[in-house]
Amino acid sequence: MALHLSLAFVFGILGNVVSFLVSLAPLPTFYQIYKKKTSEGFQSIPYVVSLFSAMLWIYYALLKKDAMFLITINTFCCFIQTFYIVTYFYYGPKKEKVVTVKLILLFNVFGFGVVFLSTFFLQNPLTQLQVLGYICMAFALSVFVAPLGIVRKVIKTKSVEYMPFTLSLFLTFGAVMWFFYGLLLKDMNIAVPNVLGFIFGILQMILYAIYKNHPKKMMEDPKLQLSEHIVDVVKLGTLVCSEVNAVVPQPIDTNNNNGGVVESQNIKANTTDASNKV
């Protein structure tokens with residue numbers, strides 16, 4: 001029993017260290033947002049969902065009473081995810097701010113409120129912990145399935161630029177640490193989701209090994225292409241208008257028919273030249 005507790009303590013510490021490093025992974029992204037003074041092009045949903053997950057696990061750990069390492073790491077996650085969300089909201093466009101507020105209300109207010117009210121008033125503490133554990137496990141499994149989108153993109157593009165190896169490696173290590181932590185505590189709600197996390201982590205590293213030396217396939221966002229196309233059309237329209245407006249007809253001497261013909265030809269030539277540029 002003492003050995004189990006000692007090993008659980010070791011894996012809890014290691015799990016905290018790895019998860020701490022993973023939580024700091026988005027910092028370069030937010031440094032870019034700070035430099036550009038805009039969060040346009042990024043999404044807030046990963047940070048809102050991560051905050052919701054951390055809140056669930058803190059609630060679960062408080063009811064369980066012997067999972068202190070879940071409290072420590074998820075408290076830090078709540079802090080860092082809140083920082084990410086506030087930064088995103090501060091630099092975000094108005095439309096993205098509205099979306100972020102809606103996501104926070106959906107997950108962190110309504111979602112967590114429903115979970116809390118549906119479990120807190122259960123009379124049997126064992127049933128209360130069991131129901132909450134199933135909710136946490138189901139949500140953790142859904143989060144671990146999220147990398148399938150990245151896996152699909154890597155296979156489709158044959159490029160690993162969307163899947164950093166270091167992050168995949170740390171996520172795999174984290175899944176291993178938390179799996180053994182849950183196993184040693186005999187808590188399948190902690191252990192089971194991390195089995196799936198480990199499998200997806202290994203899959204990502206295998207794909208990285210396969211495609212790391214593959215030539216990069218340039219993929220342009222259709223929306224970006226459309227916006228660039230619109231900008232080019234506007235520029236061309238401005239160019240044509242400026243050149244046509246620059247041709248100011250001079251007063252034509254009615255007594256000099258040859259002068260009028262020449263002036264008229266100049267106007268037509270300039271207009272035709274501008275049209276050819278379009």
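Everything discussed here concerns the structure shown above.
Computed from a predicted model, the values in this text were never measured in an experiment.

Participant: In this structure, what is going on with the pattern of salt bridges? I would like to understand it.
Facilitator: If the charged atoms of two oppositely charged side chains come close together, the side chains can form a pair. Tallied over the entire structure, the rule returns two salt bridges. Of the charged contacts, one joins Asp66 and Lys64 as a salt bridge, the two residues approaching to 3.8 Å between their closest N and O atoms. Taking relative accessible area as the criterion, Asp66 reaches 44% and is therefore assigned partly exposed. Judged by relative accessible area, Lys64 falls into the buried class, the value being 17%. The salt bridge involving Lys64 is made with Asp187; its shortest N-O contact spans 3.0 Å. Placement of the pair is Lys64 in helix 3 (residues 45–64) and Asp187 in the loop between helix 8 (165–184) and helix 9 (188–211), with a sequence separation of 123 residues. Through salt bridges with shared partners, a single network forms among Lys64, Asp66 and Asp187.

Participant: Help me out: how do you make sense of the layout of surface pockets in this one?
Facilitator: The gaps of empty space that remain are located by a probe, the size of a water molecule, rolled over the atoms. Taken as a whole, the second largest pocket spans an internal volume of roughly 240 Å³. Every residue along the wall of the second largest pocket is listed here: Glu40, Gly41, Phe42, Gln43, Ser44, Ile45, Pro93, Lys95, Glu96, Val99 and Leu103. Among the elements that take part in the lining of the second largest pocket, helix 5 (residues 94–120) stands out by supplying four residues, more than any other.

Participant: Would you mind showing me how to read unusual backbone geometry here?
Facilitator: A negative phi holds for most residues other than glycine; trans holds for most peptide bonds. The phi dihedral of Lys37 falls on the positive side, at around 60 degrees, and the residue is not glycine. Structurally, Lys37 is set in the loop between helix 2 (27–36) and helix 3. In this structure, Lys65 is a non-glycine residue whose phi angle is positive, near 75 degrees. Considering the arrangement of structural elements, one finds Lys65 in the loop between helix 3 and helix 4 (68–91).

Participant: What am I meant to see in a nonpolar patch on the surface here?
Facilitator: Taken together, the side chains of Phe9, Val10, Ile13, Leu14, Val17, Phe20 and Leu21 define a hydrophobic patch exposed on the protein surface, amounting to about 580 Å² of accessible area. Locating Leu21 in the fold gives a position in helix 1 (residues 2–23).

Participant: Just to check I follow, could you spell out the packing of helix 6 (residues 125–145) against helix 9 for this structure?
Facilitator: Any two packed helices are characterised by the angle at which their axes cross and by the distance between the axes. Following both chains from N to C, one finds helix 6 and helix 9 inclined at 5 degrees, their axes separated by 9 Å at the closest point. As judged from the angle between their axes, helix 6 and helix 9 are roughly parallel. Where helix 6 approaches helix 9, its residues Gly133, Tyr134, Met137, Ala140, Leu141, Phe144 and Val145 are matched on the opposing element by Met188, Asn189, Val192, Pro193, Asn194, Leu196, Gly197 and Phe200.

Reading the values: the criteria
Residues numbered from 1 in each chain as written. Predicted model: local features only at pLDDT ≥ 70, side-chain atom pairs only at ≥ 80, totals over all residues. Heavy atoms only, no water. Salt bridge = Lys/Arg side-chain N within 4 Å of Asp/Glu carboxyl O. Buried < 20%, exposed > 50% of the residue type's maximum accessible area, 1.4 Å probe, protein only. Helix = DSSP H or I, 4+ residues; strand = E, 2+ residues; numbered from the N terminus. 1 Å grid on protein atoms, 1.4 Å probe; cavity = no way out; pocket = protein on both sides within 12 Å on 5 of 7 lines; lining within 4 Å. Points joined across faces, edges and corners; volume = space filled by probe spheres on them. Patch = residues over 30% accessible without salt bridge, like charges linked within 9 Å, V, L, I, M, F, W, Y side chains within 5 Å. Areas by Shrake-Rupley, 256 points an atom, 1.4 Å probe, with all protein chains shown as cover. Axes fitted to C-alpha atoms, helices over the stretch in contact; angles between N-to-C directions. Parallel < 35°, antiparallel > 145°, perpendicular 65-115°, else oblique. Contact = heavy atoms within 4.5 Å.

All quantities given are derived from atomic positions and should not be read as evidence of function.
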